[in-house]
Amino acid sequence: MIQTLPLPIGPTKSEPATLCRSAFAPAMFLDERAIERLPASAALAEQKEVVEDSCKQLSRQMDAKILFFLGLLLAASGFVSPPVALAGGIAYGFTGEHPLRREASTLAKLLLQVSVVLLGFGMNLEQVLRVGRSGFGYTAVSITMAVALGLLLGKLLRIGGKASYLITMGTAICGGSAIAALAPITEASEEEISVAMGTVFLLNAVALLLFPAVGWWLHLSQNQFGLWAALAIHDTSSVVGAAAKYGNQALAIGTTVKLARALWIVPISLVTAALVRRAAAKAGRQHTAKVRAPWFILLFIGASVASTCLVPTAPVYGNLTHLGKLGLAATLFLIGTSFSRKTLRQVGFRPLLQGVVLWILVGCGSLAVIYSHLIAI
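Since this is a predicted model, take the numbers as computed values, not measurements. (Residues numbered from 1 in each chain as written. Predicted model: local features only at pLDDT ≥ 70, side-chain atom pairs only at ≥ 80, totals over all residues. Heavy atoms only, no water.)

(A) Geometry of the overall build of the protein. Scanning the protein from N- to C-terminus turns up 16 helices and zero strands. When contacts within the protein are restricted to residue pairs at least 6 apart in sequence, those whose partners lie at least 24 apart make up 82%. (Helix = DSSP H or I, 4+ residues; strand = E, 2+ residues; numbered from the N terminus. Contact = heavy atoms within 4.5 Å.)

Here you go:
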């Protein structure tokens, strides 16, 4: 009975999913002894090997997807802190091939924006405006210095292409969001984008774990730590994660100043687009990339308006803020899963060195002026 199974000749190992879904599907239900009793011809032996490899590959993919969703649910459950969620995501990314890498990246971007808006329901409008006004000035100085230092480091290290510019702007403004906004404007290649993203995300992970420890060691106040995290950590998700671990007041300050810093994406994008259009015109080409505005920041302000002016004592706002924190932990898990050995290999030594040196200069410089009370909120 086993020998009468239809086993067409010819498939190769490049067709694993097709094999297990079509003519070879019956082989998935044969035990190992039955497979061993099949005719021992070279062609059939090769086909049996293809079937076994195909089914093992599909089984590994299914196991990876199940593990991914379990990790995501655990991160969103509130049982683990944001740093632990990030560490779990990184561990997952290094264990093997991510079967849902693109979907995880898209979901992380959307979930981050939704979480930030929900955190706005826990902010007082007066505090948001006061902190935002001071933070906008501080971020202007910080961004100017970071851009100057970053471009200088890029030239000294002889980093070609757009990678140096993207790393600089990612460090100066808001990490992956700035890179994603500027990459199409600068017409950066996929490799340059991967290098910049890998550098920034790696340093984000280090900052999320390192900053709270440094803050406690130096006995920084809630306001001091929130301001430092907002000025020195790249991505909004890591700023909010580190500040949430430090305290609620640090979270309020860090989120508001960080969003004021993120608003600089718009003018920086406009200036970049103008320079690229001018260069394209000189070369006889047409440049059509559009500038994307971070609209979720306006929704964050709208949420703080609602919580302050409409029904300030409504318990629903506290629940929404809690959901925002849970969404943030899930976001950090998703971001962590984007790390892999391939990501580290793509970054390279010189771009990573530029990112690390620039990040240390920005982090230490901002900490020095905050610790010495030269700037405060």
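There is more to say, and it comes next.
(B) Local environment of a nonpolar patch on the surface. A cluster of nonpolar side chains, Met62, Ile66, Leu70 and Leu73, forms an exposed patch at the surface whose accessible area comes to about 420 Å². Among the structural elements, Leu73 can be located in helix H3 (residues 42-76). A relative accessible area of 60% places Leu73 in the exposed class. (Patch = residues over 30% accessible without salt bridge, like charges linked within 9 Å, V, L, I, M, F, W, Y side chains within 5 Å. Areas by Shrake-Rupley, 256 points an atom, 1.4 Å probe, with all protein chains shown as cover. Salt bridge = Lys/Arg side-chain N within 4 Å of Asp/Glu carboxyl O. Buried < 20%, exposed > 50% of the residue type's maximum accessible area, 1.4 Å probe, protein only.)

(C) The arrangement of the packing of helix H4 (residues 82-95) against helix H8 (residues 190-217) in detail. At a closest axis distance of 10 Å, the pairing of H4 and H8 adopts a crossing angle of 145°. Like other packed secondary-structure pairs, H4 and H8 cross with a definite hand, here left-handed. Residues Pro82, Pro83, Leu86 and Ile90 of H4 touch H8, and the partners they reach there are Ala205, Leu208 and Leu209. Its residues placed into classes, the contact of H4 with H8 shows seven nonpolar, no polar and no charged. (Axes fitted to C-alpha atoms, helices over the stretch in contact; angles between N-to-C directions. Left-handed = near helix turned anticlockwise from the far one by under 90°. Nonpolar A, V, L, I, M, F, W, Y, C, P; charged D, E, K, R; others polar.)

(D) Structural context of the nonpolar core. Ranked by size, the top nonpolar core spans 98 residues in total, and within it Ile173, Phe211, Phe225, Leu227, Trp228 and Val257 carry the most contacts. Broken down by element, this core gets its largest block of residues, 13 residues, from helix H7 (residues 163-186). (Core = buried A, V, L, I, M, F, W, Y, C linked by side-chain atoms within 4.5 Å.)

(E) Quick peek at unusual backbone geometry. One non-glycine residue, Arg158, adopts positive backbone phi at about 55°. With respect to the helices and strands, the residue Arg158 is situated in the loop between helix H6 (125-156) and H7. Residue His219 is not a glycine yet carries a positive backbone phi of 55°. If you trace the backbone, His219 turns up in the loop between H8 and helix H9 (222-232).

(F) Just helix H5 (residues 101-119), in detail. Between its terminal C-alpha atoms H5 stretches 26 Å, which fits the 27 Å expected from 19 residues at 1.5 Å a residue. Listed as buried for H5 are Ala104, Ala108, Leu112, Ser115, Val116, Val117, Leu118 and Leu119. (Expected span 1.5 Å × (residues − 1).)

(G) Examining the environment of Ser304 more closely. Position of Ser304 relative to the elements: it lies in helix H13 (residues 296-310). Sequence spacing of Ser304 and Leu125 is 179 residues, and the spatial spacing of their C-alpha atoms is 5.2 Å. With near-sequence residues (within four places) excluded, Ser304 lies in contact with Gly120, Met123, Leu125 and Val128.

(H) How the structure looks around the confidence of the model for the protein. When the pLDDT values of the protein are averaged, the result is 79; 81% of them are 70 or greater. The weakest mean pLDDT in the protein belongs to helix H1 (residues 16-21) at 45; the strongest belongs to H9 at 94. Counting interchain partners and residues more than four positions distant, the pLDDT-below-50 stretch residues 1-30 has 44 contacts. (pLDDT = per-residue confidence, 0-100.)

(I) Looking closely at the packing of H7 against helix H11 (residues 248-262). Put simply, H7 and H11 touch, their axes get as near as 8 Å, and they point 110° apart. Between H7 and H11, the angle falls in the class roughly perpendicular. Judged by the twist between their axes, the crossing of H7 over H11 is left-handed. Side by side, H7 and H11 meet where Thr171, Ala172, Ile173 and Cys174 of the first sit next to Lys258, Arg261 and Ala262 of the second. Its residues assigned to classes, the contact of H7 with H11 shows four nonpolar, one polar and two charged. (Parallel < 35°, antiparallel > 145°, perpendicular 65-115°, else oblique.)

(J) Summary view of the packing of aromatic side chains. Scanning all chains against the criterion turns up nine aromatic pairs. Considering the side-chain rings of Phe211 and Trp228, the 4.0 Å spacing of their centres and the 15° angle between planes classify their relative orientation as stacked. Taken together, the residues span a long stretch of sequence, with Phe211 in helix H8 and Trp228 in helix H9 at a distance of 17 residues. We classify Trp228 as buried; its relative accessible area is 3%. Arranged with centres 4.0 Å apart and planes meeting at 10°, the rings of Phe225 and Tyr246 form a pair that is stacked. Within this pair, whereas Phe225 is found in helix H9, its partner Tyr246 is found in helix H10 (residues 236-246), the two being separated by 21 residues in sequence. On the accessibility criterion, Tyr246 (9% relative accessible area) is buried. Within the aromatic cluster, the residues linked to one another by ring pairs are Phe211, Trp216, Phe225, Trp228, Tyr246 and Trp359. (Phe/Tyr/Trp six-rings, centres within 6.5 Å; stacked < 30°, edge-to-face > 60°.)

(K) Here's a closer look at the side chain of Thr256. Inspection of the secondary structure puts Thr256 in helix H11. According to the relative accessible area criterion, Thr256 is buried, its value standing at 5%. When near neighbours in sequence (up to four residues on either side) are disregarded, Thr256 contacts Val128, Val131, Gly132 and Phe300.

(L) Structural view of the side chain of Ser238. By secondary structure assignment, the location of Ser238 is in helix H10. Given the relative accessible area of 2%, Ser238 is considered buried. In this view, Ser238 contacts Asn204, Leu208, Ile233 and Leu332; residues no more than four positions away in its chain are not counted.

(M) How the structure looks around H6. The first and last C-alpha atoms of H6 sit 44 Å apart over 32 residues, in line with the 46 Å expected at 1.5 Å per residue. Positioned one or two residues after H6, Arg158 has a phi angle of 55°, which is positive.

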